[in-house]
Amino acid sequence: MFDHLDILDGAGFRVIPRNASGAVLDFIGEQHYREGNPRGKVIACYLDPTSQLCPQKFRRPDGKWPFAGALVLGGGCAYAAPVGRNHLVEVHELDVDLEELTRGEIVTELGLTMINRVAVVPELKGFGIGSALAKVARRYAPRLFPGAQFVEVMTTRRIRDARAITAGTYLKRDFLQVAGFTVAPTVSSERRSGGERTGMLYYFAPVSA
């Protein structure tokens, strides 16, 4: 019923069919800072109600595994050209000249997929569920997107936090780095949003078995 039970003790995962994903997508829309309808495959996390990971208040009389969070995994970003991809090419020593390729060709050549959204039930934040979802995306990517080689993520953070993450001085847990993602050393798209400055970070990780 659930996949990849080895990633986080007490958690299981599954791909939600698009025709049954409405409630999960609504949840993601309510919890995530970005607006719009993300395209891609919906992967959800559920908790084993008999495990220590599952709080008592989430346990149901029928024994069903309660929902804990979800993400949307889609094709690589073809509408922009994140500068962080240069770091991906460098780190993995790929014989690719990004300047010679169109955005669509880059996605195909590098075998990119992208996590478009991640959302965790608020009461369950800090349990490692976000990192587990990012890890499981690396496993699902080759199955859901034939030819996938990497998973990329772009996130917007407060400029102070973004710079600390790229400098390696961030004092909090960065759930993507916990999941094995590398953050590119460049903060891009710096702007003022909602009264504070923000910047965009680019993360990447190879798919995994």
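The text that follows walks through the structure, step by step, so that each part is easy to find. For clarity, every value in this text was computed on a predicted model and none was experimentally measured.

1. Things to note about the nonpolar core
Right, so step 1: In terms of nonpolar packing, the biggest core is built from 55 residues, with Phe 13, Leu 73, Ile 115, Ile 129 and Phe 181 touching the most fellow members.
Right, so step 2: When residues no more than four places from it in sequence are discounted, the contact partners of Ile 129 are Leu 8, Cys 45, Leu 47, Ala 68, Val 120 and Leu 124.

2. Things to note about the environment of Arg 158
Right, so step 1: Among the structural elements, Arg 158 can be located in strand S5 (residues 150–158).
Right, so step 2: The contact partners of Arg 158, leaving out residues within four places of it in the chain, are Glu 196, Arg 197 and Thr 198.

3. Some points on the packing of aromatic side chains
Right, so step 1: This model, assessed by the stated rule, comprises five aromatic pairs.
Right, so step 2: Arranged with centres 5.1 Å apart and planes meeting at 90°, the rings of Phe 27 and Phe 67 form a pair that is edge-to-face. Of this pair, Phe 27 sits in helix H1 (residues 22–31) while Phe 67 sits in strand S3 (residues 67–75), placing them 40 residues apart in sequence.
Right, so step 3: The class for Phe 27 is buried, based on a relative accessible area of 13%.
Right, so step 4: In textbook terms, an aromatic cluster arises when at least three aromatic residues are bridged by ring pairs, as seen for Phe 2, Phe 27, Tyr 46, Trp 65 and Phe 67.

4. Quick notes on the environment of Tyr 202
Right, so step 1: Tracing the chain through its elements places Tyr 202 in strand S8 (residues 196–206).
Right, so step 2: Separated by 76 residues in the primary sequence, Tyr 202 and Gly 126 have C-alpha atoms spaced 22 Å apart.
Right, so step 3: If we skip the residues at most four places from it in the chain, Tyr 202 touches Pro 82, Gly 84, Arg 85, Leu 88, Glu 152, Val 153, Met 154, Thr 182, Val 183 and Ala 184.
Right, so step 4: In terms of polar contacts, Tyr 202 uses its side chain to reach the side chain of Glu 152, at 2.5 Å.

5. What about the pairing of S3?
Right, so step 1: S3 sits mainly inside the fold: seven of its nine residues count as buried.
Right, so step 2: Of the pairings in the sheet, the one linking strand S2 (residues 41–47) to S3 comprises six bridges and is antiparallel in character. Bridged to Tyr 46 within S3 is Phe 67.

6. Overview of the side chain of Arg 117
Right, so step 1: Position of Arg 117 among the secondary structure elements: in strand S4 (residues 112–120).
Right, so step 2: Of the side chains with opposite charge, Glu 35 comes closest to the buried, unpaired Arg 117, at an N-O distance of 8.5 Å.
Right, so step 3: Within the structure, the side chain of Arg 117 is placed 2.8 Å from the backbone oxygen of Glu 35, a separation counted as a polar contact.
Right, so step 4: Filtering out sequence-adjacent residues up to four positions away, Arg 117 remains in contact with Ile 28, His 32, Arg 34, Glu 35, Gly 36, Pro 38, Ala 70, Leu 71 and Val 72.

7. Regarding the pattern of salt bridges
Right, so step 1: The full count for this structure, using the stated rule, is seven salt bridges.
Right, so step 2: When the shortest N-O distance is used, the salt bridge between Arg 85 and Glu 152 registers 2.8 Å. Pair noted here: Arg 85 is in helix H2 (residues 85–91) and Glu 152 is in strand S5, with a separation of 67 residues, a long-range link.
Right, so step 3: A relative accessible area of 1% places Arg 85 in the buried class.
Right, so step 4: Overall, the relative accessible area of 0% leaves Glu 152 in the buried class.
Right, so step 5: Note that Arg 158 and Asp 161 form a salt bridge whose closest N and O atoms lie 3.1 Å from each other.

The rules behind the values
- Residues numbered from 1 in each chain as written.
- Predicted model: local features only at pLDDT ≥ 70, side-chain atom pairs only at ≥ 80, totals over all residues.
- Heavy atoms only, no water.
- Core = buried A, V, L, I, M, F, W, Y, C linked by side-chain atoms within 4.5 Å.
- Buried < 20%, exposed > 50% of the residue type's maximum accessible area, 1.4 Å probe, protein only.
- Contact = heavy atoms within 4.5 Å.
- Helix = DSSP H or I, 4+ residues; strand = E, 2+ residues; numbered from the N terminus.
- Phe/Tyr/Trp six-rings, centres within 6.5 Å; stacked < 30°, edge-to-face > 60°.
- Polar contact = N/O pair within 3.5 Å; in protein donor to acceptor, adjacent residues only side chain to side chain.
- Pairing = 2+ DSSP bridges.
- Lys, Arg positive; Asp, Glu negative; His and termini not counted.
- Salt bridge = Lys/Arg side-chain N within 4 Å of Asp/Glu carboxyl O.

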